[in-house]
Amino acid sequence: MNRLVLGAQWGDEGKGKIVDILTEEADVIVRYQGGSNAGHTVCVSDKTFILHLIPSGILHPEKICVIGNGVVIDPKSFLEEKQTLEDLGIDIGERLLISEKAHLVMPYHKEFDARREAILGSSKIGTTKRGIGPAYTDKHARMGIRVCDLLNLEVLKSKIEENVKEINRLCELYEIEPFDAGKIFDEYRDYAEKLKPYIRNTVYYLNGVFKNKRNILFEGAQGSMLDVDFGTYPFVTSSHPTVGGAFTGTGLPYKALDSVVAVVKAYTTRVGNGPFPSELTNELGQKIRDKGAEYGATTGRPRRCGWLDLVVVKYAAMINGVDEIALTKLDVLDGLDEIEVCVGYEYEGKKIGYIPSQLEEFEKCKPIYKTFKGWDSTKGVLNYDDLPENARKYIEYIEWFVGVKVSIVSTGAKREETIRR
Ligand code: GDP
Ligand code: IMO
Ligand code: MG
């Protein structure tokens, strides 16, 4: 059984935890898009791991992890992450493969990401400043530098020189100090040496795994509403967190996917700017932020918090062909008298049940809420039938509205605080 785990909201739904749980049933875990903008948290015993580029499956001994061709790799960030994991006692050994077709994040990508945001001022996207947008821009402009270029230093040198020449023309415009191609080459030559043992043609490798009927788990980063096509453009990331990204980002055929698991947080959060109809900018929003520890795993920024928006989740279920929902952080809503759920929007006096493509329209949408009675505690509950009745009603309403079964309920950050149905 090959499963895909993706976020159904604006990221940080708890994908890391769900991937960790489902890794037990997989042989190979593959990341297919994004880069070190992701922050996937996994709590095992008394240790907390935050994964950015390396698939969360790495925490399970003997599982093979692949960074697919659709990912953009910052070698510096990768090596730091690998070191942090090893310091925490994770033995990576030969369990990690990096696609030779993946594109590299270069120092100028990070610089331009930050500079562009500064120029945009109050209309900035609120990126993670990890160079993601500029790296994907160069990929699609066909001037990117790929992991396989690290294997031929002559090619690497000439590509860096060519790129820096072009980039330095832009530097003047953006008022950035020009880059030194020689310095960048020296830095990346060193990375080449360190990355070499992991570089593989993962397209052939993964297809071999598929042919041999071993189980593959696709690990999505970000969320459907941050997809460059389907999200709240331009307040999105530059990749495809949605299901299509899994194929273009790995080279596996669509037949290699048996089930799509959407991770849905029991409320909604968003980091960065852009429309968020069910946002709570009041004390209650702060209460949820504190209780849910809603601070970015990558940037530490406070996450914007609000009620569960089922129009968003239903849209994500539609575009991704979602088979199962993993509902996370139900315990964060414990102890509230009433809980609201957004079931539609009011736009210019009309009720609508879809996500408008025009941002200006979506920004004007007011949430229409259905009110649920709260419950006492779900924290650490392990059996569905042991959940408070009102919590079960909440879950069953989500299933009814979205038309998808909730097969996993997460009642705490720890591995074992999980209900499987
Ligand atoms: P991801 O990016 O989708 O992997 O999610 P993040 O790791 O950025 O954010 C999810 C946060 O919620 C992490 O700190 C998790 O440890 C935590 N978490 C996951 N599931 C639960 C849950 O059911 N209850 C609580 N209280 N925390 C959870
Ligand atoms: P995980 O995998 C939440 C957001 C940024 C910004 C927008 C563009 O942990 O769910 P980028 O740096 O990608 O160009 O920023 O996307 N963003 C995320 N928000 N979780 C993430 O990843 C995110 N990765 C990017 O905050 O709004
Ligand atoms: Mg995250």
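A few points on the structure. Given the structure is predicted, the values throughout are model-derived calculations rather than measurements.

Conventions we followed
Residues numbered from 1 in each chain as written. Chains lettered and ligands numbered in written order. Predicted model: local features only at pLDDT ≥ 70, side-chain atom pairs only at ≥ 80, totals over all residues. Heavy atoms only, no water. Salt bridge = Lys/Arg side-chain N within 4 Å of Asp/Glu carboxyl O. Helix = DSSP H or I, 4+ residues; strand = E, 2+ residues; numbered from the N terminus. Buried < 20%, exposed > 50% of the residue type's maximum accessible area, 1.4 Å probe, protein only. Near = heavy atom within 4 Å. Polar contact = N/O pair within 3.5 Å; in protein donor to acceptor, adjacent residues only side chain to side chain. Nonpolar A, V, L, I, M, F, W, Y, C, P; charged D, E, K, R; others polar. Donors = N, O, S within 2.8 Å, 3.2 Å for Na, K, Ca; no water.

**Comments concerning the pattern of salt bridges**
Moving on, step 1. Tallied over the entire structure, the rule returns 22 salt bridges.
Moving on, step 2. Here Glu 175 and Arg 115 are joined by a salt bridge, their closest N and O atoms 3.5 Å apart. Linking Glu 175 in the loop between helix H5 (153–174) and helix H6 (181–195) with Arg 115 in helix H3 (residues 107–120), this pair joins segments that are 60 residues apart in sequence.
Moving on, step 3. When its relative accessible area of 25% is taken as the criterion, Arg 115 is described as partly exposed.
Moving on, step 4. Asp 186 is paired through a salt bridge with Arg 189; the nearest N and O atoms lie 2.9 Å apart. Of this pair, Asp 186 and Arg 189 both sit in helix H6, three residues apart, which is roughly one turn of the helix.
Moving on, step 5. In the salt-bridge network here, residues are joined through shared partners; they are Asp 12, Lys 265, Glu 294, Arg 303 and Lys 329.

**Here we look at the site of ligand 1**
Moving on, step 1. For ligand 1, the set of nearby residues contains 19 residues, the closest of which are Lys 15, Gly 16, Thr 41, Asp 331 and Ser 410.
Moving on, step 2. Lys 15 places a polar main-chain atom, nitrogen or oxygen, 2.7 Å from an oxygen atom of ligand 1.
Moving on, step 3. Separating a nitrogen atom of ligand 1 from a side-chain N or O atom of Asp 331 is a distance of 2.7 Å.
Moving on, step 4. Its residues assigned to classes, the shell around ligand 1 shows four nonpolar, eight polar and seven charged.

**Focus on the coordination of the magnesium ion (ligand 3)**
Moving on, step 1. Protein-derived coordination of the magnesium ion (ligand 3) comes from Asp 12 (OD) and Gly 39 (O), at a distance range of 2.0 to 2.2 Å. Taken together, the residues Asp 12 in the loop between strand E1 (3–7) and helix H1 (15–23) and Gly 39 in the loop between strand E2 (28–31) and strand E3 (40–44) connect sequence positions 27 residues apart.
Moving on, step 2. Residue classification places Asp 12 among the partly exposed residues on the basis of a relative accessible area of 22%.

None of this, on its own, says anything about what the molecule does.
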